Amino acid sequence: MIKPQQFVILGATTFVALVLAPILHASTTHRSLDLVEGRPVMPELRRQANALGSVEISKRGRTLTFVRNGEHWTIKERNGYPVQADKVRALLVQLTNAELAEPKTAAKDRWPLLDLEDPAAADAKSGLVRLLDASGKPMGEIVVGKRRPNAFGTGRQGIYVRRPNETQTWLASGEPNVTLDVKDWVDPVFFKTDTEKLKRVTVAHQGEAPIIVEREGEAGKGGKFVLKSVPEGLKVKESAGIEHIALSLGSVELEDMRKLDSTPVGEAVSVITAESSDGLTITLRLRRDGKPDEAWLSLSAAGEGEAKKAADEINAKAAGWEFKIPKWKADQIGKRAADIFETT
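Residues numbered from 1 in each chain as written. Predicted model: local features only at pLDDT ≥ 70, side-chain atom pairs only at ≥ 80, totals over all residues. Heavy atoms only, no water.

J.: Mind showing me how you'd approach the overall build of the protein chain here?
T.: Along the backbone of the protein chain there are 7 helices and 22 strands. Of the contacts made within the protein chain by residues no fewer than 6 positions apart, 61% connect residues no fewer than 24 positions apart. Accessible surface, the protein chain as shown: approximately 18900 Å² in total, 52% of it carbon and sulfur. (Helix = DSSP H or I, 4+ residues; strand = E, 2+ residues; numbered from the N terminus. Contact = heavy atoms within 4.5 Å. Areas by Shrake-Rupley, 256 points an atom, 1.4 Å probe, with all protein chains shown as cover.)

J.: Got a minute to help me understand the nonpolar core in this structure?
T.: Soluble, globular proteins show a tendency: their nonpolar side chains are buried together. Residues Phe66 and Val201 are the most contacted members of the largest nonpolar core, which totals 71 residues. The element contributing the most residues to this core is helix H3 (residues 85-97), with 5 residues. Dropping the residues within four chain positions of it, Val201 is found in contact with Ile211, Ile212, Val213, Ile245, Ala246, Leu249, Ile272, Thr273 and Ala274. Core analysis: the next-biggest nonpolar cluster, separate from the first, contains 10 residues, Ala101, Ala151, Phe152 and Leu171 among them. (Core = buried A, V, L, I, M, F, W, Y, C linked by side-chain atoms within 4.5 Å. Buried < 20%, exposed > 50% of the residue type's maximum accessible area, 1.4 Å probe, protein only.)

J.: For this particular structure, what's the right way to read the sheet that holds strand S2 (residues 52-59)?
T.: For sheets, the rule is that strands pair by backbone hydrogen bonds, running either parallel or antiparallel. Read across the sheet, 10 strands follow the order S1-S6-S10-S9-S8-S7-S2-S3-S4-S5 without closing on themselves; strand pairing throughout is antiparallel. The open sheet terminates on both sides in strands that have one partner only, identified here as strand S1 (39-40) and strand S5 (81-83). Relative to strand S10 (residues 169-173), strand S9 (residues 158-162) runs antiparallel, the two sharing 5 bridges. The partner of Arg162 across the bridge, within S10, is Thr169. (Pairing = 2+ DSSP bridges.)

J.: Just checking my understanding: could you explain the pattern of salt bridges for this structure?
T.: When their charged atoms lie close together, side chains carrying opposite charge are able to pair. Counted under the stated rule, the structure contains 20 salt bridges. The shortest N-O distance in the salt bridge between Glu102 and Lys104 comes to 3.3 Å. In this structure, a network of salt bridges that share partners links the residues Arg258, Arg287, Asp289 and Glu322. (Salt bridge = Lys/Arg side-chain N within 4 Å of Asp/Glu carboxyl O.)

J.: Is there a simple way to explain the packing of aromatic side chains in this structure?
T.: Between two aromatic rings, the relevant description is the distance of the centres plus the angle of the planes. Under the definition given, this model contains 4 aromatic pairs. When the centroid spacing of 4.7 Å and the interplanar angle of 50° are considered together, the rings of Phe66 and Trp185 count as tilted. With Phe66 in strand S3 (residues 62-69) and Trp185 in the loop between S10 and strand S11 (189-192), this pair connects stretches of sequence that are 119 residues apart. Judged by its relative accessible area of 1%, Trp185 is buried. Among the aromatic residues, those joined into a cluster by ring pairs are Tyr81, Phe190, Trp321 and Phe323. Over the ring of Trp111 we find Arg162, and its NZ or CZ is 3.7 Å from the ring centre. If you follow Arg258 out to its NZ or CZ, it ends over the ring of Trp296, 3.9 Å from the centre. (Phe/Tyr/Trp six-rings, centres within 6.5 Å; stacked < 30°, edge-to-face > 60°. Lys NZ or Arg CZ within 6 Å of the ring centre and 35° of its normal.)

J.: Looking at this structure, how should I read the sheet that holds strand S12 (residues 198-205)?
T.: What the 8 strands build is an open sheet, ordered S14-S13-S12-S18-S19-S20-S21-S17; its pairing is antiparallel. Whereas interior strands pair on both sides, the edge strands pair on one side only; in this sheet they are strand S14 (225-227) and strand S17 (256-259). Here the strands of the sheet are splayed against their neighbours by 25° on average, with no regard to which way each runs. One ladder, built from 4 bridges, connects S17 with strand S21 (residues 321-325); its direction is antiparallel. Each bridged residue has a counterpart across the sheet, and for Lys259 the counterpart in S21 is Trp321. Of the strands in this sheet, strand S19 (281-287), strand S20 (295-302) and S21 are in contact with helix H5 (residues 306-318), which crosses S20 at around 145°. (Axes fitted to C-alpha atoms, helices over the stretch in contact; angles between N-to-C directions.)

J.: Can you help me understand the pairing of S12 in this one?
T.: Within a regular strand, side chains alternate between the sheet's two faces. Here 7 bridges tie S12 to strand S18 (residues 269-276), and the two strands are oriented antiparallel to one another. When the bridges of S18 are listed, Val203 appears paired with Ile272. Count of turn residues in the S12/strand S13 (residues 211-215) antiparallel hairpin: 5 residues, of which Gly207 carries a positive phi of about 85°.

J.: Would you mind showing me how to read a positive patch on the surface here?
T.: Residues Arg60, Arg62, Lys125 and Lys146 make up a contiguous surface patch of positive charge. Among the structural elements, Lys125 can be located in the loop between strand S6 (99-103) and strand S7 (127-133). Under the relative-accessibility criterion, Lys125 is labelled exposed at 54%. (Patch = residues over 30% accessible without salt bridge, like charges linked within 9 Å, V, L, I, M, F, W, Y side chains within 5 Å. Lys, Arg positive; Asp, Glu negative; His and termini not counted. Charge placed at Lys NZ, Arg CZ, Asp CG, Glu CD.)

Keep in mind these values describe shape, not function.
Shown next, in the form of structure tokens:
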């Protein structure tokens, strides 16, 4: 039989256990940054930030190099296409603030569990980040692996890292973005226009009659786009999506880009002409001469008065470049007769 004194002691012990248990659990589940190693992941950035000339990210034999020119950044592997500076700055801030928190495995065969295998491997999930000065001399480098959500408390992510010349891996604070998707580093919208002002769009495929869609009524009044004519013996499919030909021009996002040396011509090129009520004319050339699902778009614009200002803005951004666009967008912009008509 439990004596009253024992009951009181047992009750107090139980109370302490119930109160402290969640606290102890939290302290082991979510590590405090005050109790970790605290060494910077890339000390070079803290010491020599002003000497930084470029940032290089590589993975699976592919590389993106962001070259610094004052406050501006460009992509070396894309002939100097401009990068959104705030995105590079965000990466540098993450790398500067990242600190080593907890040592993990030093066994090379366990690196893949943390996505810290050799970044050059064909199936690597890791990424190598290198910092170089203006002369191209390496300043520092780190292999970045898997993210660990809530590693340091709710909403405070961690990431696994290691130095290329070391076997020791670490859990570190921060969440640097080391993607090689070009669209994640640039302004993805390379072209947009006010579709309310569009009055006519002509799609010309070599060897086929042009497809012309025109707005019913006056531009800017919300009229629908309809086909100017339907070939004899044919009718419009219910799934034709005629309006998409014009409305898809409202905003076009890129997946990649390449330098354009000359105007695209030939059987693989479709020419789309968009005319607006304010006198702006945009000529788009859609090229499909590579992989079946690959489409590249180039464009130029012309106009007078206010339309010239809009044309100059378009040309300043697009001139000399060809942009890879999603297949679904290319299918909308460059619809063919087979997509629109069927026999009656």
